[in-house]
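Reading the structure
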Amino acid sequence: MQELPRITGDRVALRPITDADTDHIVAWRNTPSVMQNFIFRQTFTPEMHRNWLTTKVATGQVVQYIIEDKADGRPVGSVYYRDIDPANHSAEYGIFIGEENARGKGFGTETARLFTEFGFTVLGLHRISLRLLAENLPARRSYEKAGFAEEGLFRDMVLLDGRYRDVVFMAKLAP
């Protein structure tokens, strides 16, 4: 597997995830404001994360990075490609800003731009797709600013917290 580069933007720096990031990931994923936007809602444990690192990240099925606030180097979230399909040059994009005080500052949008560019130029992807809960309007606006386009609305696709939710599918294609 290729050595993954550090990616630097104006306000964020992205670096490959390591086992040392486990405590951050577990804390962020179990934060209600993060969990509410995930379709996967099970309590997240260090064991689950380490299993993910071993079975997915280490095997190249997932490419995951930590998002750092460039101003102080503080980790604020994570971004990743999962279900990487080498035959079709496609992957599914995911991101979360785990630190509450880092939200709404454009970190997600800048990360999406940087990470999709990296996906196209370094990983050789042609199509990057994502799914989000339809009511997650801040994320949707961020994805649109980063060049993702809506491809479909799947009504009542998931049952969360006792009610059915719509899921929006979006994608960005290589230029």
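Because the structure is predicted, anything quoted here is derived from the model rather than measured.

Within the chain, the regular secondary structure consists of 5 helices and 8 strands. Over its C-alpha trace the chain gives a radius of gyration of 15 Å, about what one expects of a compact globule, namely 16 Å for 175 residues. Across its three principal directions, the C-alpha atoms of the chain cover 40 × 35 × 35 Å. Every one of the 175 residues in the chain was classed for burial, and the buried ones make up 47%.

Attention now moves to the nonpolar core. Tyr 65, Tyr 93, Phe 115 and Tyr 143 are the most contacted members of the largest nonpolar core, which totals 31 residues. Taken together, the elements giving at least two residues each to this core come down to strand S2 (12–16), strand S3 (63–69), strand S4 (74–85), strand S5 (90–97), helix H4 (107–121), strand S6 (127–133), helix H5 (137–145) and strand S8 (163–173). With 6 residues, H4 is the largest single contributor of residues to this core. Discounting chain neighbours no more than four positions away, the residues touching Tyr 65 are Leu 4, Pro 5, Ile 7, Leu 14, Arg 15, Pro 16, Ile 17, Gly 77, Ser 78, Val 79, Phe 115 and Phe 118.

Further remarks concern the sheet that holds S6. Pairing within the open sheet is mixed, and its 8 strands lie in the order S1-S2-S3-S4-S5-S6-S8-S7. At either end of the open sheet lies a strand with only one pairing partner, and these are strand S1 (7–8) and strand S7 (149–160). Bridge count between S4 and S5: 7 bridges; the pairing is antiparallel. Bridge pairing in S5 links Arg 82 to Glu 92.

Bringing the layout of surface pockets into the picture now. A volume near 1200 Å³ is recorded for the largest pocket. In terms of lining residues, the largest pocket is bounded by 42 residues, among which Asn 37, Phe 38, Ile 95, Phe 96 and Tyr 143 are the most central. Counting only elements with at least two residues in the lining of the largest pocket, the list comes to helix H1 (22–29), helix H2 (32–35), helix H3 (46–57), S4, S5, H4, S6 and H5. When the residues that make up the lining of the largest pocket are grouped by side-chain class, the tally is 20 nonpolar, 14 polar and 8 charged.

Now for the packing of H1 against H3. At a minimum axis distance of 9 Å, the contact between H1 and H3 shows a crossing angle of 120 degrees. In terms of axis orientation, H1 runs oblique to H3. For the pair H1 and H3, the sense of crossing is right-handed. Note on element contacts: H3 touches H1 through Pro 46, His 49, Arg 50 and Leu 53, opposite Thr 22, Ile 25 and Val 26. A class-by-class count of the residues in the contact of H1 with H3 yields 4 nonpolar, 2 polar and 1 charged.

Another point: H5. For H5, the set of buried residues is Ala 139, Arg 140, Ser 142 and Tyr 143. In an axial view of H5, the angular spread of the buried residues amounts to 160 degrees, which keeps them on one side of the axis. Within H5, the exposed residues directed more than 90 degrees away from the buried face are Pro 138 and Lys 145. In this fold, the buried residues of H5 make contact with S5, H4, S6, S7 and S8. With a side-chain oxygen positioned 3.4 Å from the backbone nitrogen of Ala 139, the residue opening H5 is Asn 136.

With that settled, consider the side chain of Ser 129. Among the secondary structure elements, Ser 129 is positioned in strand S6. A relative accessible area of 19% means that Ser 129 is categorised as buried. Apart from the residues lying within four places of it in its own chain, the contact partners of Ser 129 are Ala 91, Glu 92, Tyr 93, Met 170 and Ala 171.

Procedures and definitions
Residues numbered from 1 in each chain as written. Predicted model: local features only at pLDDT ≥ 70, side-chain atom pairs only at ≥ 80, totals over all residues. Heavy atoms only, no water. Helix = DSSP H or I, 4+ residues; strand = E, 2+ residues; numbered from the N terminus. Rg over C-alpha atoms; globule rule 2.2 N^0.38 Å. Buried < 20%, exposed > 50% of the residue type's maximum accessible area, 1.4 Å probe, protein only. Core = buried A, V, L, I, M, F, W, Y, C linked by side-chain atoms within 4.5 Å. Contact = heavy atoms within 4.5 Å. Pairing = 2+ DSSP bridges. 1 Å grid on protein atoms, 1.4 Å probe; cavity = no way out; pocket = protein on both sides within 12 Å on 5 of 7 lines; lining within 4 Å. Points joined across faces, edges and corners; volume = space filled by probe spheres on them. Nonpolar A, V, L, I, M, F, W, Y, C, P; charged D, E, K, R; others polar. Axes fitted to C-alpha atoms, helices over the stretch in contact; angles between N-to-C directions. Parallel < 35°, antiparallel > 145°, perpendicular 65-115°, else oblique. Left-handed = near helix turned anticlockwise from the far one by under 90°. Arc of directions from axis to C-beta. Polar contact = N/O pair within 3.5 Å; in protein donor to acceptor, adjacent residues only side chain to side chain.

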